[in-house]
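Here's the letter readout for the chains.
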Amino acid sequence: MSVCCSDRCNGRGADPVRPGALPTYLKKKKKKPSATTTTTTTTTTTTTTITTTSAEEPKHAVRTKTPRRRRLLAAAAAPAGLSGRATPYYNFEMTGKRIVVMARHGESEWSKNNVFCGWYDSHLSDRGTNEALECAQLLKQSNYKFDKAYTSLLTRAHQTLKIITEHIDQPNLPVEESWRLNERHYGALTGFNKAELAEQYGENQVQIWRRSFDVLPPEMDKSHAYYMSIWCHPKIVAHSYTTSEKFPSTESLKETMERVIPYWDDYIVPNIKRGQRILIVAHGTVLRSLIKYLDGVSDNDICSINIPSGIPFVYEFDDDMKVLSSKKFLGDKKRIEEGIARAASIGSH
């Protein structure tokens, strides 16, 4: 998609519009394969070594080696960044399992207002900031540390990730971002209030647009109120000038999976197999795509799966990336159930 900015582009765009007449004719377009452009932030650690001198050791003294498991436990308990060498991946060496933690970003301002958000770059609400902090606290209480994080191009995901990394004392965690981890594109529904659309088109139709596997919302065209706000996003503009990637104008879960799963297989899985501890902070439909793929959920059953915001969940894999433990949420059971119910409601994203 070519990107063109005009006077209409003001960064954040106007307030969400009230629903009008939506297009009644949809025509699916074949998607061209595209490459993923990622940005990696690397961190250089400066190490200071302090050497102390004790009383002279007798020549006949015999030095005994510390058992390997005890060395691993001691190193894992030490603060991150004290060693000049690359950090070993103790979670795999000690447990024999490869662990990936996933989290949905906190509530956005548009979600708070019950508006379809998608690719619009809405920031976290006050509640969303608190949810991100809650997510960080759960990870810290469970002593999680990571070697790399993956996220989308959208601010609400980055804000959530920053809160997490700062709270778990890893502010310089390497981060790779990609448009392939963006929320699904809601097309012409973007900016419309869900409850008002339900009054106009029926709650069943709105739920089909939200949760069905392969029903596309109407496409977003250049006349849409938020077209320029989305396509003038600096990171989208950068991608459009440096790659030939084809960006969507609308998506269902099916189309979202077509970009998320290749990214998982080609970019994330190789690092998991190397033993890296991975954190993914993304969006509801992206995480549902991964859950469907990893757990083999049917097209019908995935419609009833909802991801609460701000509550991390864990997958464990064996050497062959076979799922050993699926979607284990951290935290209070009641809070998890409330979060899932809220995500399922027509009154939330």
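See above for the structure.
A brief structural summary. Bear in mind that the values here come from a model prediction, so they are computed numbers and not experimental data. Within each chain, residue numbers correspond to sequence positions counted from 1 in written order. Residues qualify for local features only when their pLDDT is at least 70, as the model is predicted, and side-chain atom pairs are given and counted only at 80 or more; totals for whole chains, interfaces and linings, by contrast, use all residues. Side-chain numbers here rest on the full set of heavy atoms in the structure, without hydrogens or water.

Side-chain rings of Phe, Tyr and Trp (the six-membered ring for Trp) are treated as a pair once their centres are within 6.5 Å; stacked means planes under 30 degrees apart, edge-to-face means over 60, and tilted covers the remaining angles. Enumeration over the complete set of coordinates arrives at 18 aromatic pairs. Each ring, one from Y120 and one from Y226, has its centre 5.4 Å from the other, and the planes form 75°; the classification is edge-to-face. Taken as a pair, Y120 in the loop between α3 (109–112) and α4 (126–141) and Y226 in the loop between α7 (203–211) and α8 (227–231) lie far apart in primary sequence, 106 residues in all. Exposure categories follow from relative accessible area, calculated using a 1.4 Å probe and restricted to protein chains: below 20% of the type maximum is buried, above 50% is exposed, and the middle band is partly exposed. A relative accessible area of 3% means that Y120 is categorised as buried. What makes Y226 buried here is its relative accessible area of 1%. Taken together, a centroid distance of 6.1 Å and an interplanar angle of 45° make the contact between W264 and F317 tilted. With W264 in helix α10 (residues 253–273) and F317 in strand β6 (residues 313–317), the pair connects residues that are 53 residues apart, well separated along the chain. Accessibility assignment for this pair places W264 and F317 in one class, buried. Helix and strand assignments come from DSSP, with helices taken as H or I runs of at least 4 residues and strands as E runs of at least 2, each series counted from the N terminus.

Moving on to the packing of helix α6 (residues 194–201) against α7. Only the stretch in contact is used when a helix axis is fitted, and all axes are lines through C-alpha atoms; the angle between N-to-C directions ranges over 0 to 180 degrees. At a closest axis distance of 6 Å, the pairing of α6 and α7 adopts a crossing angle of 125°. The angle between the axes of α6 and α7 places the two elements in the oblique class. Contacts between α6 and α7 involve K194, L197, A198 and Y201 on the former and, on the latter, E203, Q205, V206, W209 and R210. When residues are sorted by character, Ala, Val, Leu, Ile, Met, Phe, Trp, Tyr, Cys and Pro go into the nonpolar class, Asp, Glu, Lys and Arg into the charged class, and all the rest, Gly among them, into the polar class. Split by residue class, the contact of α6 with α7 holds five nonpolar, one polar and three charged. Angles below 35 degrees are treated as roughly parallel, those above 145 as roughly antiparallel, those between 65 and 115 as roughly perpendicular, and all remaining angles as oblique. Only heavy atoms matter for contacts: two residues are in contact if any of them lie within 4.5 Å across the pair.

Here the focus is empty space enclosed by the protein. One way to see where empty space is left: roll a probe the size of a water molecule over the atoms. Method remark: on a 1 Å grid restricted to protein atoms, a set of points is classed as a cavity if a 1.4 Å probe fits but cannot get out and as a pocket if it is open with protein on both sides within 12 Å along at least five of seven lines; lining residues have an atom within 4 Å of a point. Grid points are joined across faces, edges and corners, and a volume is the space filled by probe spheres set on the points. Evaluation of the coordinates by the stated rule reveals two cavities of 30 Å³ or more. Space inside the second largest cavity adds up to approximately 30 Å³. What lines the second largest cavity is W119, L153, L154, N182, I230, H233 and I236. Looking at the lining of the second largest cavity residue by residue, the class counts come to five nonpolar, two polar and no charged.

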